[in-house]
Amino acid sequence: MTKSGYRPTIGVECHVQLKTKTKLFSGVNNDAREAPPNTLVSHIDFGLPGALPVLNREAIHLASKAAFALNSSPQPFSKFDRKHYFYPDLPMGYQISQYDEPIIIGGSVDIEVDGQIKTIGITRAHLEADAGKSIHPSGQNYSLVDLNRCGTPLLEIVSQPDLNSAQEAKAFAHELYLAMRYADVSEADLYYGNMRFDVNVSVSNNDQLGIRTETKNLNSFRSVEKAVEYEVKRQIELLEKGQPITQETRGWDDAKQKTFLQRTKENADDYRYMPDPDLPPVVLSQEYIDKVAAEMPVMPNQWRAKLKSLELSSSQIETLLDAEVDLAHINYLSLIDKVKDQPKTAKFLANWFVNLEIPLQRERKGAKLEDKQRLEIYREVDRLYTSKLLSSTNVKILLIDLLSSKDQPDNIEKYAADQGLTQSSDENELGQIVSRVIKDNPKAAQDVASGEAKAIGFLIGQVMKLSQGKANPTTTQDIIKKQLGL
Ligand code: MN
């Protein structure tokens, strides 16, 4: 509910590009990212008369995995339909899509906003072939068409209108991204438009839903959030002025951070859907469905549950979940999982991943290390820290040093000592230094003894100085107190 008493209602549609090697109905390479225009096109993608589509088995496999990622299960029976419209980048004159019997029906995605978990329903998800791309060179009186994207397999996911704020819409888009990445069905590279979001937004201050607008082709989580925010505000302002909302399709201007009118919808579009006579229905056996279910990896929510038992904060957990797919060359989560029997080590690993290594990798300063090597480094540094040979400041210095170099020392403890990073916790040795410091600083010692807690810092500082920084501060403090009879 906004402060003016209007409640936003939001539904999201998302086109996810599936990571098949070839297109949905032809044998042409599906990765058009660096290809010159119109080089990845066959007679099928061109829609030449007589060309017959052949369904890509892997697209069905990936869509089936996506079904499980959406807490659903693939439909045993689905079919393809033709959706007719005319546009220069659609040479067949129709898009092959799924209309009344899609491959995924129902499902859900959990999101968390401000510590509240909310379940967002999935209405359906269908497979379809992408269209090409129209390019309008500025200042020219012509347009160009690139058909490389024609026939790329898309999974269009449609949510229920269960979202009620811009933050929820953003969280939902992000959670879909994680689901698709963890299920490994899409590269989900937003920069290349591998996931494109449409948001349906309406506002109302009574129990009836308001008229909605659809803002299309948002390609970042932030633009999903900002477009919803903008639409909610725009619609409330219109209603407050007594003006009607019109049902329309809008675009998003990222530079101006505004939505703009693309076309008004007076009637529902008439796509004249009909079953595609060139494609047989897709029939999946229970055996096939079970086999795909068994292939599913550990999904984000399962990881969250595992990581929560390590008492990590939810922002630390989200950082780890994102890094696992954004910085995919390091298997953060499975490394933590490997040492889960030693919760202290697992927590040490998680903390330093979040606070040190992930930022280091994002700045591209980290070395390429094998999982095994990395785990050895963390284990040994953790051991030195636990046995109080390293202060937490020096843990950081040592880790940065080790993680940004390809050549690893044979003996980390010796290396740390050579670098002057280890500290002494030897009580005898420290005890002698402490006695000397107390003797040389009777005033400060007296203050500490009579309960002036602050003065102890000064004494610790003196011990550090005499030990050339090697004294463990916690142990030193204990010894000072002991010697002063506290
Ligand atoms: Mn679509």
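Residues numbered from 1 in each chain as written. Predicted model: local features only at pLDDT ≥ 70, side-chain atom pairs only at ≥ 80, totals over all residues. Heavy atoms only, no water.

### Observations regarding the overall build of the protein chain
For step 1, the next point in the chain: Each helix and strand in the protein chain was counted, giving 16 helices and 16 strands.
For step 2, the next point in the chain: Taken against the 2.2 N^0.38 rule, which gives 23 Å for 486 residues, the C-alpha radius of gyration of the protein chain at 30 Å runs more than 25% over that of a compact globule.
For step 3, the next point in the chain: Each of the three principal axes of the protein chain carries a C-alpha extent, and together these read 95 × 55 × 50 Å.
For step 4, the next point in the chain: By the burial criterion, 48% of the 486 residues in the protein chain qualify as buried. (Helix = DSSP H or I, 4+ residues; strand = E, 2+ residues; numbered from the N terminus. Rg over C-alpha atoms; globule rule 2.2 N^0.38 Å. Buried < 20%, exposed > 50% of the residue type's maximum accessible area, 1.4 Å probe, protein only.)

### Description of the nonpolar core
Grouped burial of nonpolar side chains is what soluble globular proteins tend to show.
For step 1, the next point in the chain: By size, the foremost hydrophobic cluster in this structure holds 110 residues, and its most contacted members are L155, M180, M195, F197, L320 and V381.
For step 2, the next point in the chain: The leading source of residues in this core is helix α3 (residues 166-182), at 11 residues.
For step 3, the next point in the chain: Excluding residues within four positions of it along the chain, M180 makes contact with V16, A66, A69, L70, I157, V185, S186 and M195.
For step 4, the next point in the chain: The next biggest cluster of nonpolar side chains, apart from the first, holds 17 residues, and it includes I433, V437, A444 and L484. (Core = buried A, V, L, I, M, F, W, Y, C linked by side-chain atoms within 4.5 Å. Contact = heavy atoms within 4.5 Å.)

### What about the coordination of the manganese ion?
For step 1, the next point in the chain: Around the manganese ion, the protein contributes the donor atoms H15 (NE2), E128 (OE) and E156 (OE), at 2.1 to 2.2 Å from the metal centre.
For step 2, the next point in the chain: Here the donor residues of the manganese ion share one chain and are spaced in sequence as H-x112-E-x27-E. Of this pair, E128 sits in strand β7 (residues 116-129) while E156 sits in strand β10 (residues 153-159); the two residues are 28 residues apart in sequence, bridging distant segments of the chain. This pair shows no difference in class: E128 is buried, exactly as E156 is. (Donors = N, O, S within 2.8 Å, 3.2 Å for Na, K, Ca; no water.)

### Concerning the domain arrangement of the protein chain
For step 1, the next point in the chain: When its domains are assigned, the protein chain resolves into domain 1 (7-286), domain 2 (298-418) and domain 3 (427-483).
For step 2, the next point in the chain: For domain 1 and domain 3, the distance between their C-alpha centres works out to 67 Å. (Domains from an automatic or database assignment.)

### Describing the pattern of salt bridges
For step 1, the next point in the chain: Going through the model one piece at a time under the given rule, you end up with 30 salt bridges.
For step 2, the next point in the chain: Close ionic contact of R82 with D276 constitutes a salt bridge, the shortest N to O distance being 3.1 Å. Pair noted here: R82 is in strand β3 (residues 81-84) and D276 is in the loop between β15 (274-275) and β16 (282-283), with a separation of 194 residues, a long-range link. Residues R82 and D276 agree in their burial class; the two are buried.
For step 3, the next point in the chain: When the shortest N-O distance is used, the salt bridge between K216 and D198 registers 3.4 Å. Taken together, the residues K216 in strand β12 (residues 213-218) and D198 in strand β11 (residues 195-204) connect sequence positions 18 residues apart. (Salt bridge = Lys/Arg side-chain N within 4 Å of Asp/Glu carboxyl O.)

### Some words on the pairing of strand β4 (residues 94-97)
For step 1, the next point in the chain: The two faces of β4 match: Y94 and I96 on one face and Q95 and S97 on the other face are all buried.
For step 2, the next point in the chain: Bridge count for β3 against β4 is 4 bridges, and the pairing is antiparallel. Each residue of the ladder has a partner; that of K83, found in β4, is Q95. (Pairing = 2+ DSSP bridges.)

### Comments concerning helix α4 (residues 221-240)
For step 1, the next point in the chain: For α4, spanning 20 residues, the distance from its first C-alpha to its last is 29 Å, which sits close to the expected 28 Å at 1.5 Å a residue.
For step 2, the next point in the chain: If you check which residues of α4 are buried, you get F221, S223, V224, E225, A227, V228, E231, V232, R234, Q235, I236 and L238.
For step 3, the next point in the chain: In the core, the buried residues of α4 are packed alongside β1 (7-17), α3, β11, β12, β13 (248-253) and β14 (258-264).
For step 4, the next point in the chain: Just past α4, the residue G242 takes up positive phi, approximately 75 degrees. (Expected span 1.5 Å × (residues − 1).)

### Re the sheet that holds β3
In any sheet, the strands associate via hydrogen bonds between backbone groups, in a parallel or an antiparallel arrangement.
For step 1, the next point in the chain: If you walk across this open sheet you meet the 3 strands as β4-β3-β15, and the pairing is antiparallel. Edge positions in the sheet fall to β4 and β15, since each of these pairs with one other strand and no more.

### Looking at the pairing of β1
For step 1, the next point in the chain: In terms of burial, β1 is a largely internal element, 10 of the 11 residues being buried.
For step 2, the next point in the chain: One ladder, built from 10 bridges, connects β1 with β11; its direction is antiparallel. What sits directly across from T9, in β11, is S202.
For step 3, the next point in the chain: In this structure, β1 lies alongside β10, joined through 5 bridges in antiparallel fashion. The residue bridging V16 from the neighbouring strand is L155, located in β10.

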